[in-house]
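# Understanding the architecture of this molecule
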Amino acid sequence: MCCGNFREQPIFTTRAHVFQIDPSTKKNWVPASKQAVTVSYFYDSTRNSYRIISVDGAKVIINSTITPNMTFTKTSQKFGQWADSRANTVFGLGFPSEQQLTKFAEKFQEVKEAAKLARDRSQEKIETSSNHSQESGRETPSSTRASSVNGTDDEKASHGGPAEAHLKSENDKLKIALAQSSSNVKKWETELQTLRESNARLTTALQESAASIEHWKKQFSACKEENDQLRSKIEELEEQCNEINKEKERNAQLSRRLQELETELQDKELELEELRKQGEIIPQLMSECESVSQQLQAAEKKNKDLEEKVRTLRTEVEESKHRQTNLKTELKNFLDVLDGKIDELHDFRQGLSKLGVDN
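## A closer look at the overall build of the protein
When helices and strands are tallied, the protein shows three helices and eight strands. Helices (α) and strands (β) of the protein occur, in sequence order from the N terminus, as β-β-β-β-β-β-β-β-α-α-α. For the protein, with 359 residues in total, the buried portion stands at 22%. Here the analysis covers contacts within the protein between residues at least 6 apart in sequence; of these, 57% occur between residues at least 24 apart. As presented, the protein carries roughly 26,300 Å² of accessible surface, and 52% of it is formed by carbon and sulfur atoms.

## A word on the side chain of Thr14
Take Thr14: it is sitting in strand β1 (residues 8-21). Once residues within four sequence positions are removed from consideration, Thr14 is found in contact with Val37, Thr38, Val39, Phe95, Gln100 and Phe104.

## Notes on the side chain of Asp84
Its place among the elements puts Asp84 in strand β7 (residues 79-84). Buried Asp84, no salt bridge; nearest opposite-charge side chain is Arg86, N-O distance 5.7 Å. Within polar-contact distance, the side chain of Asp84 engages the backbone nitrogen of Arg86 at 3.1 Å.

## Here we look at the environment of Leu335
Here Leu335 is to be found in helix α3 (residues 307-358). For the pair Leu335 and Ile282, spaced 53 residues apart in the sequence, the C-alpha separation amounts to 9.6 Å.

## Remarks on the packing of aromatic side chains
Centre-to-centre distance and the angle between the planes together describe a pair of aromatic rings. Following the criterion strictly, the structure yields twelve aromatic pairs and no others. Ring plane angle 35° and centroid distance 4.8 Å describe the contact between Tyr43 and Tyr50, whose orientation is recorded as tilted. Owing to a relative accessible area of 25%, Tyr43 belongs among the partly exposed residues under this scheme. Seen in terms of ring centroids, Phe72 and Phe108 are 5.5 Å apart; in terms of plane orientation they differ by 40°. Their pairing is tilted. Of this pair, Phe72 sits in the loop between β5 (59-65) and β6 (73-74) while Phe108 sits in helix α1 (residues 98-149), and the two are 36 residues apart along the sequence. Among the residues examined, Phe108 registers a relative accessible area of 1% and is labelled buried. Through a chain of ring-to-ring contacts, three or more aromatic side chains come together here, namely Phe12, Tyr41, Phe72, Trp82, Phe91, Phe95, Phe104 and Phe108.

## A word on the environment of Gln81
Relative to the helices and strands, Gln81 resides in strand β7. Take Gln81: its relative accessible area is 24%, and that puts it in the partly exposed class. Along the backbone, Gln81 and Leu93 are twelve residues apart, and their C-alpha atoms lie at a distance of 6.3 Å. Not counting the four nearest positions on each side in its chain, Gln81 is found in contact with Trp29, Thr71, Phe72, Thr73, Thr75, Val90, Phe91 and Gly92.

## Quick look at a negative patch on the surface
Residues Glu264, Asp267, Glu271, Glu273, Glu274 and Glu280 make up a contiguous surface patch of negative charge. A residue is classified by how much of its surface remains accessible, and Asp267, at 41% relative accessible area, is partly exposed.

## Some details on the pairing of strand β3 (residues 37-44)
The element β3 is largely enclosed, with a buried count of six among its eight residues. In the sheet, β1 pairs with β3 via eight bridges, with the strands oriented antiparallel. For Glu8, the partnering residue across the bridge sits in β3 and is Asp44. Sheet topology note: the β3/strand β4 (residues 49-56) ladder contains six bridges and is antiparallel. Bridging across to β4, Val39 finds its partner in Ser54. In sequence, β3 turns back onto β4 through a hairpin of four residues, with Asn48 there showing a positive phi of about 55°.

## Quick notes on the pattern of salt bridges
A full pass over the atoms with the stated rule returns three salt bridges. Across the pair Arg257 and Glu260 runs a salt bridge, and its minimum N-O distance is 3.4 Å. In this pair, Arg257 and Glu260 both sit in helix α2 (residues 153-305), three residues apart, roughly one turn of the helix.

## Description of the confidence of the model for the protein
Confidence along the protein averages 81 in pLDDT terms, with 86% of residues attaining 70 or more. A low-confidence stretch, residues 1-5 stays under pLDDT 50, and its non-local contacts, those more than four residues away or across chains, total 14 contacts. Scored below 50 in pLDDT, residues 139-160 makes nine contacts in the model with residues more than four places away or belonging to other chains.

Rules of the game
- Residues take numbers from 1 onward in each chain, read along the sequence in its written order.
- In keeping with the predicted nature of the model, local features appear solely for residues at pLDDT of at least 70, side-chain atom pairs appear and are counted solely at 80 or more, and the whole-chain, interface and lining totals rest on all residues.
- Working from all heavy atoms in the structure, the side-chain values ignore hydrogens and water.
- Strands are runs of DSSP state E lasting at least 2 residues, helices are runs of H or I lasting at least 4, and numbering of each runs from the N terminus.
- The classification of residues rests on relative accessible area computed with a 1.4 Å probe and restricted to protein chains. Under 20% of the type maximum is buried, over 50% is exposed, and intermediate values are partly exposed.
- Should any heavy atoms of two residues lie within 4.5 Å, those residues are considered in contact.
- To measure how exposed things are, a 1.4 Å probe is used in the Shrake-Rupley method; for residues, cover is taken only from the protein chains shown.
- Charge counting follows a simple rule: Lys and Arg are positive, Asp and Glu are negative, and His as well as the terminal groups are ignored.
- When a carboxyl oxygen of Asp or Glu lies within 4 Å of a side-chain nitrogen of Lys or Arg, that pair is called a salt bridge.
- N or O atoms within 3.5 Å of each other form a polar contact, as long as, within protein, one can give a hydrogen and the other can take it, and as long as residues adjacent in sequence are counted only when both atoms are side-chain atoms.
- Working definition: a ring pair exists when centres of Phe, Tyr or Trp rings (six-membered ring for Trp) sit within 6.5 Å. Plane angles under 30 degrees give stacked, over 60 give edge-to-face, the rest tilted.
- Any residue with relative accessible area above 30% and no salt bridge may belong to a patch, with like charges joined within 9 Å and the nonpolar Val, Leu, Ile, Met, Phe, Trp and Tyr side chains within 5 Å.
- Where a charge lies is defined by one atom per residue type: Lys uses NZ, Arg uses CZ, Asp uses CG and Glu uses CD.
- Note on pairing: two strands pair once DSSP finds at least 2 bridges between them.
- Think of pLDDT as the predictor's per-residue confidence, scored from 0 to 100.

Below is the structure:
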């Protein structure tokens, strides 16, 4: 019997995530739906029974008939469960809010009481039918005894007629009850067969769900491994990016240092140019010294002839010698400084060339 039968009508509908207890562990919950699905109470007016039914697409995930012995238990603010002995499982529902869980629990208790009342009424009908059968059995010998007590056939007819009519009516009632019982038995057999087929479909769906869960577990493991690999690659790329950033910083520092060295080199070249200009004066000084020496030699040659002039010129000659000595000392110091500057410039160029090659 499917939920689309016209004799079954929905009386309450909500949405929830459906779970079933793991049949192997009896502890863990297994999702029966990928998302929230419709869960409804259905009332069968013909059988006077109630069922909870939920369908996910073309798959029936809940088909539970409510009995008076069932109990709906709230295990948290948004989750509740009940055990179905016929389906040999435990169903669990996760609701979006506590209010929806409370409404579902109240409806479960209401349907449970209605199922209990229907069961009690059915038992009363069975007991009443049984009592009528026993009373009709007790009335048959009494009527026989009454007919045997009377002496004539007329009296038998007068006294036995109403009893036979009563027995006949009772027999007709029993025949009708028996026919109804036979039709009910056939209905119950049909219902039982339908339930067996439904249970077989549910078992197949449960097996498919278990296989699907295993498949999703494998896919989840594969995705997790791929995620771990991607994380490791991301970490490696981040390390490489950090190294690249550090290298960029070092290159920037080297570029700044190179600019500073180029500026210093320009300053040194300017100093060297000034020294070169000063070095151009040295030949003039040397020529002056040679001329002075020549004059001194000439003066010495003329010394014999000009002894009288020696006295006057001696002072000049001594002054000239002293000046020449100072000039030579200054020239020597200047040449030493110039050699040192040239050596420093040479070392500086070598360091600059080495730094450019390293960069």
